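# Reading the structure
Okay, here's what each chain looks like letter by letter:
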Amino acid sequence: VGALREGKIVALKGIGGFQLLVDACNEYAVQRLRERKRREEKPFAVMVPSLEALHRVCVAGPLEERLLLSPESPIVLLEKRNNLERAVAPNVAPGNPYLGLMLPYSPLHHILLNDFNGPLVATSGNLTDEPICTSTREALERLGGIADFFLTHDRPIFRYVDDSVVRVVAGRSVVLRRARGYAPLPVAQLPEKRGRVLAFGAHLKNTVAVAVEETVFLSQHIGDLDTEPAVRAHERTVKDLTTLYQSEPEILVCDLHPDYASTRSLERKRQRRTLPPVEIVRVPHHYAHVVAAIAEHRLFDEDVLGIAWDGTGLGLDRTIWGSEFLKANRSGFQRLGHFRYFRGLGGDRAMREPRRSALSVLTEVLGSSAAGAWFEQHHPGVFEESELRLFEQMFTTGLNSPWTCGAGRLFDAVASVLGIRHRCSFEGQAAMELEWYAARSPADKHYPVVWSVVEHSAESAIWPVERITSSRTTRVRIFDWAPMVQAILADIAANVPAQLIAARFHATLVETIVDFARFAEISAVVLTGGCFQNRLLAEGAINRLEQEGLRVFIHERVPPNDGGVAVGQAVAAAYWHLGRNTSVSCNPR
């Protein structure tokens, strides 16, 4: 406690691993933690001693209070109060109108917070993108360059588990990160026994799932598989989960993307013959998102309109999907619609640099030379002349610039066009900041919603393709965002405030959802994918769809982001296997 009051960083051994603690009111101490942990701007979670202390920092409603006081004790995203600077340092969550807050959940935390009597940053005990330290020896080695003091004990931690994160959306608690208190408990019950399935999950926000007979279990949050320690943690979790539920898999399932670390992990196990010779299924990324929601809400006996929006995921046609309107059921899907494609300049680099998506979108609308000139006029210095020449060549040739229709990348593009964020220090930062801008100004209208219709080969729009019994082509409806972008540029020229433009953009996407739902004429609508962590988008869509008389489902127990993909993989593979063995057609009609 004395060290914390002096602005020191303390590594605390908790229940599921080490945490890094620092005085949340000490701006200098928080900045030292950021520099040592290599976490530039991503928000830190804060632990406060009591509910009374929490209310001095943030606004919490009855449901949020129940979540904070529940046995699971998650981090809950709450709106900051005004004049918060006197209570919490601004660099705890820079520029963010929300704070992730939690209450003490172990005896040690209660004692510490009672004595400190103030808010503490309580973040994962690791370097960014690495797993949490669980043993004292490991912590001294890996956190020795971060922490000034260590508070440890002799209770061994068998498997690491991070703090869970929950947000209230439309009056429902949505688990954004499923870990301590929630995992590895059941998340879905199938209507009948389906054998034993092991799902390896996605690449980002990775989790692992097993289906044992009729029950689906989801592992704790593992994280992004960008580092070797994270991949080892993933492989250890695969082993732990199958051992815990004594489940020798009959079916193994992974994502379509061959370069995902989770997919490569499955392939390595098969090559080493550390797995039994079983069926391997590759499930399309966005279908897995939708099936996770189908399983969570037990929508097994009907078709749904699955709206799966995120930043990236390999599609059946080998392009990058991410703005999907799928007619889906437990056995398969048909792609009914998506956004217009544009080039992802630099592939994965576009995820970290919204300016690339903005330049690509403006090139589609204005042409390459005019797009560069527009940026030089409105945001000088964002691009160097040599970069513009290189990007023009990449756009023309497609060099390391795959076609993408990801809704997340469109959020990025608009954020950059408005001058909100040109480069990101963490995933989803630009889209989050665009949401915060939009929340400041109610939308007075939406931009044009324009559709075109094209024919796709059935192989690129229907899964499982081997069971197609009808036409080999299918009509797909495409949202053409170009008129919307032109309207945004006109608003910028007319000096319309960025907050209002951001609000109109959100209103346009909500209208897109509602317009497509009218067209699809399917009574059950599922909203899934990382974009629906955006509270403004999700609540706007839910309200408008319910006004249309539709049943709307969002994730609650299963994360809407890639942390829920493993659940959809497990369920989809179980029913794919059933259909294969019994020749049951699962082509949605």
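Here's what I pulled together on the structure shown here. (Residues numbered from 1 in each chain as written. Predicted model: local features only at pLDDT ≥ 70, side-chain atom pairs only at ≥ 80, totals over all residues. Heavy atoms only, no water.)

## Remarks on the packing of aromatic side chains
Convention followed: Side-chain rings of Phe, Tyr and Trp (the six-membered ring for Trp) are treated as a pair once their centres are within 6.5 Å; stacked means planes under 30 degrees apart, edge-to-face means over 60, and tilted covers the remaining angles. In DSSP terms, a helix is any run of H or I states spanning at least four residues, a strand is any run of E spanning at least two, and both are numbered starting from the N terminus. Relative accessibility decides the category of a residue: with a 1.4 Å probe and only protein chains considered, values under 20% of the type maximum give buried, values over 50% give exposed, and everything between is partly exposed. When the NZ atom of lysine or the CZ atom of arginine is within 6 Å of a ring's centre and also within 35 degrees of its normal, the charge is said to sit over that ring.
Under the definition given, this model contains 19 aromatic pairs. Where F342 meets W481, the ring centres are 5.8 Å apart and the plane angle is 85 degrees; that geometry is what we call edge-to-face. A residue pair is termed long-range when its members are at least 10 positions apart, and F342 in strand β20 (residues 342-343) and W481 in the loop between β24 (473-480) and α16 (482-493) qualify at 139 residues. Taken individually, F342 and W481 each receive the classification buried, so the pair is uniform in this respect. Three or more aromatic residues joined by ring pairs form one cluster here, namely W309, F325, F339, W451, F479, F516, F519 and F532. A cation over a ring is seen here: R167 above Y98, with NZ or CZ 4.7 Å from the ring centre.

## Some words on helix α2 (residues 27-37)
The test is simple: Any two residues whose heavy atoms approach within 4.5 Å are treated as being in contact. Polar contact is defined as a pair of N or O atoms within 3.5 Å, subject to the rule that within protein one atom must be able to donate a hydrogen and the other to accept it, and that residues adjacent in sequence are counted only when both atoms are side-chain atoms.
Of the residues making up α2, those classed as buried are A29, V30, R32, L33, R34 and K37. Tucked into the core, α2 has its buried residues touching β2 (18-23) and β7 (120-124). Structurally, the start of α2 carries an N-cap: the backbone nitrogen of Y28 is 3.1 Å from a side-chain oxygen of N26.

## Considering the pairing of strand β1 (residues 10-13)
Selection criterion: Two strands pair if DSSP finds at least two bridges between them.
Because side chains alternate across β1, one face comprises the buried residues V10 and L12, and the other comprises A11 and K13, equally buried. With three bridges joining them, β1 and strand β8 (residues 149-151) adopt parallel strand pairing. Within the sheet, the bridge partner assigned to A11 lies in β8 and is F150. Two strands pair when backbone bridges link them, and β1 and β2 are joined in this way by four bridges, in the antiparallel orientation. The residue of β2 that forms the bridge with A11 is L20. Counted along the chain from β1 to the antiparallel partner β2, the turn is four residues long, and its residue G17 has a positive phi close to 140 degrees.

## Some thoughts on unusual backbone geometry
Each neighbour pair has its own omega, and for A183 with P184 the value is 0 degrees, a cis peptide bond. Locating P184 in the fold gives a position in the loop between β10 (172-177) and β11 (186-189). Look at the link from W463 to P464: it is a cis peptide, with omega at -5 degrees. Looking at where P464 falls in the secondary structure, it is placed in the loop between β23 (462-463) and β24. Even without a glycine there, the phi angle at N117 is positive, about 60 degrees. For N117, a relative accessible area of 59% puts it in the exposed group. Phi is positive for N400, which is not a glycine, with a value near 50 degrees.

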